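Secondary and tertiary structure notes
This is what each chain is made of:
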Amino acid sequence: MSQNVIAEYELIGRRADGAEFPVHVRICKPVQSVHMAPAWACSVTVEPLWASPFDIYGEGSFQALCLGAKHAVQLLCTFIEQEGELLHPDGGHFDSSVFGFSLLPRKGNEA
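Below, the structure is looked at part by part. (Residues numbered from 1 in each chain as written. Predicted model: local features only at pLDDT ≥ 70, side-chain atom pairs only at ≥ 80, totals over all residues. Heavy atoms only, no water.)

Points about the overall build of the protein chain
Heads up, the condition is: A run of H or I in DSSP becomes a helix once it reaches four residues, and a run of E becomes a strand once it reaches two; helices and strands are each numbered from the N terminus. Restricting the calculation to C-alpha atoms gives the radius of gyration, and the globule rule supplies 2.2 Å times the number of residues raised to the power 0.38. Three exposure classes are used, based on accessible area relative to the maximum for each residue type with a 1.4 Å probe and protein chains only: buried under 20%, partly exposed in between, and exposed over 50%. Residue contacts follow a heavy-atom distance rule, with two residues in contact if any of their heavy atoms lie within 4.5 Å. Accessible surface area values rest on a Shrake-Rupley calculation with a 1.4 Å probe, where residue burial reflects the displayed protein chains alone.
For the protein chain, the helix and strand inventory stands at 1 helix and 6 strands. Written out in order from the N terminus, the α and β elements of the protein chain read β-β-β-β-β-α-β. Whereas a compact globule of 111 residues would reach a radius of gyration of roughly 13 Å, the protein chain reaches 15 Å, a difference of no more than 12%. Principal-axis analysis of the C-alpha atoms gives the protein chain an extent of 45 × 35 × 20 Å. Looking at the protein chain residue by residue over its 111 residues, the buried ones come to 32%. The long-range fraction of contacts in the protein chain, counting pairs at least 24 apart against all pairs at least 6 apart in sequence, stands at 43%. When the accessible area of the protein chain is evaluated, it comes to approximately 6900 Å², of which 55% is carbon and sulfur surface.

Shown next as structure tokens:
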């Protein structure tokens, strides 16, 4: 997977009990899918929050890339909603709004 990584993002996760661990987000170059032709697949990892890499599919490479990035950010937000905390390596708090995605409603903020 590393030879196809086109974007990476590093954070520090902190569980409710205070335990900290590294969080690695990696997004790979979209490729034409062999399983869902003519779709494109974008492989994404959010370790260790998601157990294994996953593929996000789109009608084209751009859509697959955008959906993959959005899904990765949504997983990060889900960790926060489940009483976790995400920090940048410099100690600043992670803010998903800087990515510009409309995410699924967050707990307590449903429209």
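Having put the structure on the table, let's press on.
What about the environment of Val44?
Examined against the element boundaries, Val44 turns out to sit in strand 4 (residues 40–47). Overall, the relative accessible area of 0% leaves Val44 in the buried class. Each C-alpha atom of the pair Val44 and Arg26 lies 5.7 Å from the other, and the pair is 18 residues apart in sequence.

Details of the nonpolar core
Selection criterion: Side-chain atoms within 4.5 Å link the members of a nonpolar core, which is a set of buried Ala, Val, Leu, Ile, Met, Phe, Trp, Tyr and Cys residues.
With 18 residues, the main nonpolar core has Leu11, Val23, Val44, Val46, Leu76 and Leu86 as its most contacted residues. Only strand 2 (20–28), strand 4, strand 5 (54–58) and helix 1 (61–81) provide two or more residues apiece to this core. When residues in this core are grouped by element, the largest group, 6 residues, is from helix 1. Sequence-distant contacts of Val46, defined by excluding residues within four places in its chain, comprise Val23, His24, Val25, Ala72, Leu75 and Leu76.

What about the packing of aromatic side chains?
Keep this limit in mind: Stacked, tilted and edge-to-face pairs are distinguished by plane angle, under 30 degrees for stacked and over 60 for edge-to-face with tilted covering the rest, among Phe, Tyr and Trp rings (Trp via its six-membered ring) whose centres lie within 6.5 Å.
Under the criterion given, the structure shown has 5 aromatic pairs. Seen in terms of ring centroids, Phe21 and Phe79 are 5.9 Å apart; in terms of plane orientation they differ by 85 degrees. Their pairing is edge-to-face. Pair noted here: Phe21 is in strand 2 and Phe79 is in helix 1, with a separation of 58 residues, a long-range link. The buried category is assigned to Phe21, whose relative accessible area is 12%.

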